[in-house]
Amino acid sequence: MLLLQEISEKKKILMEKSSVLEQILYALLSGIQIHVEIEVSKLNNIEKIAFSLLKGNRADAETLIRKEQKADNSFQFHYSKNLVELAIMGFADRKFEERNIQIFLKNKGLKEAFVLSSISKQIDITKQGISESKIDKLIQQIIIKKETSNFTKTFADALKEADELIEIFILEKCYESLIDFHPVPASKRKIELLLSTIEKYNDRIELRIKRQFFVWTFIVLITLGGIIIYVIPAYWSQYDFSILTTISGYIFSILIFLLTLYFFLFHKIENKFSIVTNIIEKRKRKINKKYGIDLEQIEVIKKSLNE
């Protein structure tokens with residue numbers, strides 16, 4: 001769990017300093033949705049293609065894709081000589097880029113092969129050369145050899161070396177593979193999933209209890225309001241204006257009570273001495289106990305997972 005948190009923290013740092021193209025490639029590789037603030041008019045052709053892919057509108061960039069594919073690939077800065085740009089073009093037209101990918105990988109290591117294997121199914125990373133980088137050594141140990149011995153050190157070294165979002169993508173994939181064939185992390189993930197489900201279930205219970213409180217409060221206030229509306233005209237001619245002062249006092253008291261109740265019911269308050277909080281907690285535990293869920297024991301398990 002700590003390892004995954006460290007990867008996530010490193011990803012946040014790299015996400016802030018990475019280019020738009022790198023952010024979009026990470027999103028395409030990971031299959032996630034991200035929001036990128038950019039001015040399309042300031043983008044180059046590859047970036048415009050990437051942005052269209054991110055939005056799921058490849059057809060919008062068809063002309064640009066064909067234009068880039070027709071460019072002279074002997075040019076030093078051609079997209080086929082850059083991993084990020086080649087990967088973007090691979091997502092745009094996998095079939096066309098197969099040859100460019102094969103040529104590109106002739107003198108590259110496992111990192112490049114692993115990233116492009118997400119695009120081209122013709123890549124066999126077990127036959128790819130390996131560089132001296134910590135990232136390559138991690139891929140070799142976790143993905144190819146599936147060795148779990150001393151994986152913590154290998155991960156730590158690779159994480160320290162990682163300075164690109166695509167390397168974070170590799171770390172995340174290696175972590176997923178580790179969970180898949182390592183029994184302890186796999187069991188831990190299942191437990192965390194179960195605890196998360198129970199927590200969401202209890203959140204719904206808490207929301208339902210708060211709604212019940214609000215409904216009853218609303219009914220009481222409507223009733224009191226009706227009484228006040230009746231009392232004012234009934235006693236208007238029998239008493240002096242002091243009754244208005246009395247009634248106003250009641251009204252203001254009710255409003256203050258309502259605002260206070262609203263604050264306690266619909267704002268997150270971490271106050272163990274709150275009467276409302278204690279009532280909700282007791283009600284939640286009673287409902288959970290009814291279905292055989294021991295919340296005290298669950299809290300113990302959660303603490304042990306975080307240790």
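Look above for the structure.
This section reports on the structure supplied with the text.

### Here's the deal with the environment of I46
1) Next: Among the secondary structure elements, I46 is positioned in helix α3 (residues 45-55).
2) Next: For the pair I46 and E85, spaced 39 residues apart in the sequence, the C-alpha separation amounts to 6.8 Å.
3) Next: Those residues in contact with I46 that sit more than four places away from it in its chain are L21, E68, Y79, E85, I88 and M89.

### What about the pattern of salt bridges?
1) Next: Following the criterion strictly, the structure yields nine salt bridges and no others.
2) Next: For R66, the salt bridge goes to E62, with nearest N and O atoms at 2.7 Å. One end of the pair, R66, and the other, E62, are both in helix α4 (residues 62-69), four residues apart, so they sit about a helical turn from each other.
3) Next: For R66, the salt bridge identified is with D93, shortest N-O distance 3.2 Å. Placement of the pair is R66 in helix α4 and D93 in the loop between α5 (83-92) and α6 (94-104), with a sequence separation of 27 residues.
4) Next: The partly exposed category is assigned to R66, whose relative accessible area is 32%.
5) Next: Residue D93 is classed as buried on the basis of its relative accessible area, which comes to 15%.
6) Next: If you follow the salt bridges from partner to partner, you end up with R58, E62, R66 and D93 in one network.

### Considering the packing of aromatic side chains
1) Next: Counted under the stated rule, the structure contains four aromatic pairs.
2) Next: Aromatic side chains F151 and F155 sit 6.5 Å apart centroid to centroid with 90° between the ring planes, which places their arrangement in the edge-to-face category. Pair noted here: F151 and F155 are both in helix α9 (residues 151-161), with a separation of four residues, about one helical turn.
3) Next: On the basis of relative accessibility, which here comes to 16%, the residue F151 falls in the buried class.
4) Next: Ring geometry for F155 versus Y175: centroids 6.5 Å apart, planes at 80°, classification edge-to-face. On the criterion of sequence distance, the pair formed by F155 in helix α9 and Y175 in helix α10 (residues 165-181) is long-range, its members being 20 residues apart.

### Topic: the packing of α3 against α5
1) Next: α5 packs onto α3 with a crossing angle of 50° between their chain directions and a minimal axis gap of 10 Å. Classed by the angle they form, the pair α3 and α5 counts as oblique. Crossing hand, α3 versus α5: left-handed. Contacts from I46, I49, A50 and L53 of α3 reach α5 at E85, I88, M89, F91 and A92.
2) Next: Looking at the contact of α3 with α5, its residues break down into eight nonpolar, no polar and one charged.

### Examining the packing of α3 against α4
1) Next: The contact between α3 and α4 brings their axes to 9 Å, and the two run at 140°. In terms of axis orientation, α3 runs oblique to α4. Handedness of the α3/α4 crossing: left-handed. On α4, the residues that touch N45, I46, K48 and I49 of α3 are L64, I65, K67 and E68.
2) Next: Partitioning the contact of α3 with α4 into residue classes produces four nonpolar, one polar and three charged.

### Digging into a nonpolar patch on the surface
1) Next: Judged by side-chain polarity, V215, W216 and I219 come together as a nonpolar surface patch covering roughly 330 Å² of accessible area.
2) Next: Take V215: it is sitting in helix α11 (residues 183-235).
3) Next: Taking the relative accessible area as the measure of exposure, V215 reaches 44% and is therefore partly exposed.

### Comments concerning the nonpolar core
What tends to happen in soluble globular proteins is that the nonpolar side chains get buried as a cluster.
1) Next: Counting 58 residues, the largest nonpolar core has I88, L116, I139, F155 and L171 as the members making the most contacts within it.
2) Next: Counting residues per element, this core draws most heavily on α10, at ten residues.

### Thoughts on helix α1 (residues 2-17)
1) Next: Taking 1.5 Å per residue as the helical rise, α1 with its 16 residues ought to reach 22 Å, and the 24 Å between its terminal C-alpha atoms agrees with that figure.
2) Next: When α1 is considered as a whole, its buried residues turn out to be L3, I7, K10 and L14. Along the axis of α1, the buried residues cluster in a sector spanning 70°; they form a single face. Relative to its buried face, α1 has exposed residues pointing more than 90 degrees away, namely L2, K12, I13 and E16.

Reading the values: the criteria
- Residues numbered from 1 in each chain as written.
- Predicted model: local features only at pLDDT ≥ 70, side-chain atom pairs only at ≥ 80, totals over all residues.
- Heavy atoms only, no water.
- Helix = DSSP H or I, 4+ residues; strand = E, 2+ residues; numbered from the N terminus.
- Contact = heavy atoms within 4.5 Å.
- Salt bridge = Lys/Arg side-chain N within 4 Å of Asp/Glu carboxyl O.
- Buried < 20%, exposed > 50% of the residue type's maximum accessible area, 1.4 Å probe, protein only.
- Phe/Tyr/Trp six-rings, centres within 6.5 Å; stacked < 30°, edge-to-face > 60°.
- Axes fitted to C-alpha atoms, helices over the stretch in contact; angles between N-to-C directions.
- Parallel < 35°, antiparallel > 145°, perpendicular 65-115°, else oblique.
- Left-handed = near helix turned anticlockwise from the far one by under 90°.
- Nonpolar A, V, L, I, M, F, W, Y, C, P; charged D, E, K, R; others polar.
- Patch = residues over 30% accessible without salt bridge, like charges linked within 9 Å, V, L, I, M, F, W, Y side chains within 5 Å.
- Areas by Shrake-Rupley, 256 points an atom, 1.4 Å probe, with all protein chains shown as cover.
- Core = buried A, V, L, I, M, F, W, Y, C linked by side-chain atoms within 4.5 Å.
- Expected span 1.5 Å × (residues − 1).
- Arc of directions from axis to C-beta.

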